[in-house]
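Notes for the structure review
Each chain is listed here by its residues.
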Amino acid sequence: MMKERLDKYVSSQTALSRKEAQKAIKEKRVLLNGTVVRAADTKVDTECDSVSLDGQPLTYQEYVYYMMDKPGGVVSATKDSQERTVLDLLPPEWRRDGLFPAGRLDKDTTGLLLITDDGEFAHRMLSPKKHVQKRYIATLDREPDDSIVAAFEAGIVLGDGTVCKSGQAEILGGCRVAVVISEGKYHQVKRMFAALGYHVEALRRVRIGGLALDEGSKPGEVRVLTAEEAAAVFD
Ligand code: URA
């Protein structure tokens, strides 16, 4: 059994800030077990009590996990004064306090991005110690030479001397290459190809650990994942 203050409960399950939740409680828009409660610090049992806001029941979820097929042109941040962020793309009813993208994709990169409010999950997923593998499809400026496969395997040295861990490259035909890496250095895939003399024209992440982007997914799509589905990143 977990007890939570009513204002915290409401703000954690909706897009309302803590202040807005307190206001909603004062305005009698929040019911606890069908009854108006005026005190924001009333304790709610997250398992047994029912809470509604504006007549809509709130189903308590400690954490949420969203799978986004990130489109190009948006930044992987919670807030930005100039640019649209991945959080701006979420349907209003899915927004809640504390959401953030677990990891970053460049503004022009598309594909699999997880958005959650589970800090421990994100920390584990991003920890270099976990070696979670990420698969990308890169479209290069020209057809790659077979030698890139061995170069990825050996560990590419970036322009600034940084040595990358061994990765895998698979030539898919034309200018397309599938790459699997277990690190997350800044612009890593683009810099790996730059070190081999190629420019990445388009980059798409299609898998994190055992979690693959849905078949036929299109940039801009987003769906709710269960905690079990999200945990596939550790498989
Ligand atoms: N590597 C890159 O260069 N860019 C990304 O967005 C992700 C990996």
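Cut-offs applied
- Residues numbered from 1 in each chain as written.
- Predicted model: local features only at pLDDT ≥ 70, side-chain atom pairs only at ≥ 80, totals over all residues.
- Heavy atoms only, no water.
- Helix = DSSP H or I, 4+ residues; strand = E, 2+ residues; numbered from the N terminus.
- Buried < 20%, exposed > 50% of the residue type's maximum accessible area, 1.4 Å probe, protein only.
- Contact = heavy atoms within 4.5 Å.
- Areas by Shrake-Rupley, 256 points an atom, 1.4 Å probe, with all protein chains shown as cover.
- Lys, Arg positive; Asp, Glu negative; His and termini not counted.
- Charge placed at Lys NZ, Arg CZ, Asp CG, Glu CD.
- Core = buried A, V, L, I, M, F, W, Y, C linked by side-chain atoms within 4.5 Å.
- Domains from an automatic or database assignment.
- Pairing = 2+ DSSP bridges.
- Near = heavy atom within 4 Å.
- Polar contact = N/O pair within 3.5 Å; in protein donor to acceptor, adjacent residues only side chain to side chain.
- 1 Å grid on protein atoms, 1.4 Å probe; cavity = no way out; pocket = protein on both sides within 12 Å on 5 of 7 lines; lining within 4 Å.
- Sits in = over half its atoms within 2 Å of the grid points.
- Nonpolar A, V, L, I, M, F, W, Y, C, P; charged D, E, K, R; others polar.

A closer look at the overall build of the protein
- Per the secondary structure count, the protein includes six helices and 15 strands.
- By its C-alpha atoms, the protein is 70 × 35 × 35 Å across when sized along the principal axes.
- Burial statistics for the protein: of 235 residues in total, 43% are counted as buried.
- The contacts of the protein with a sequence gap of at least 6 include a subset with a gap of at least 24, amounting to 64%.
- For the protein, the accessible surface area stands at approximately 12,400 Å², while carbon and sulfur atoms represent 49% of it.
- Averaging the locations of the 34 positively and 36 negatively charged side chains of the protein gives two centres separated by 5 Å.

Overview of the nonpolar core
- Of all hydrophobic cores here, the largest spans 29 residues; its most connected members are I115 and F193.
- Contributing elements (two or more residues each) for this core: β7 (65–70), β9 (110–116), β10 (134–140), α4 (147–154), β12 (176–181), α5 (188–195) and β13 (200–208).
- Shared between two domains, this core takes at least three residues from each, and those domains are domain 2 (65–127 + 215–234) and domain 3 (133–208).
- When near neighbours in sequence (up to four residues on either side) are disregarded, F193 contacts A138, L140, I148, F152, V177, V179, Y198 and V200.
- In terms of nonpolar packing, the next biggest core, distinct from the first, is built from 16 residues, L112, L114, I208 and A232 among them.

Looking at the sheet that holds strand β6 (residues 56–58)
- Overall, antiparallel pairing links the four strands, which are arranged β3-β2-β5-β6 in an open sheet. Strands with a single pairing partner mark the edges of an open sheet, and in this sheet they are β3 (35–36) and β6.
- Pairing of strand β5 (residues 51–53) with β6 involves three bridges; the strand directions are antiparallel. Counted as the bridge partner of V51 is L58 from β6.

Notes on the site of the ligand
- In the vicinity of the ligand, the contacting residues are L105, D106, T109, Y136, H187, Q188, V189, K190 and L203.
- In the environment of the ligand, a nitrogen atom lies 2.7 Å from a nitrogen or oxygen atom belonging to the side chain of D106.
- Here an oxygen atom of the ligand sits 2.9 Å away from a polar atom, N or O, in the side chain of T109.
- Isolated, the ligand exposes 240 Å² of accessible area, and the fraction of that covered by the protein chains is 95%.
- Among the detected pockets, the ligand sits in the largest pocket.
- Element by element, the count of residues in the shell around the ligand is highest for α5, at three residues.
- When grouped by side-chain class, the residues that make up the shell around the ligand number four nonpolar, three polar and two charged.
- Looking at which domains feed residues into the shell around the ligand, each of domain 2 (65–127 + 215–234) and domain 3 (133–208) gives three or more.

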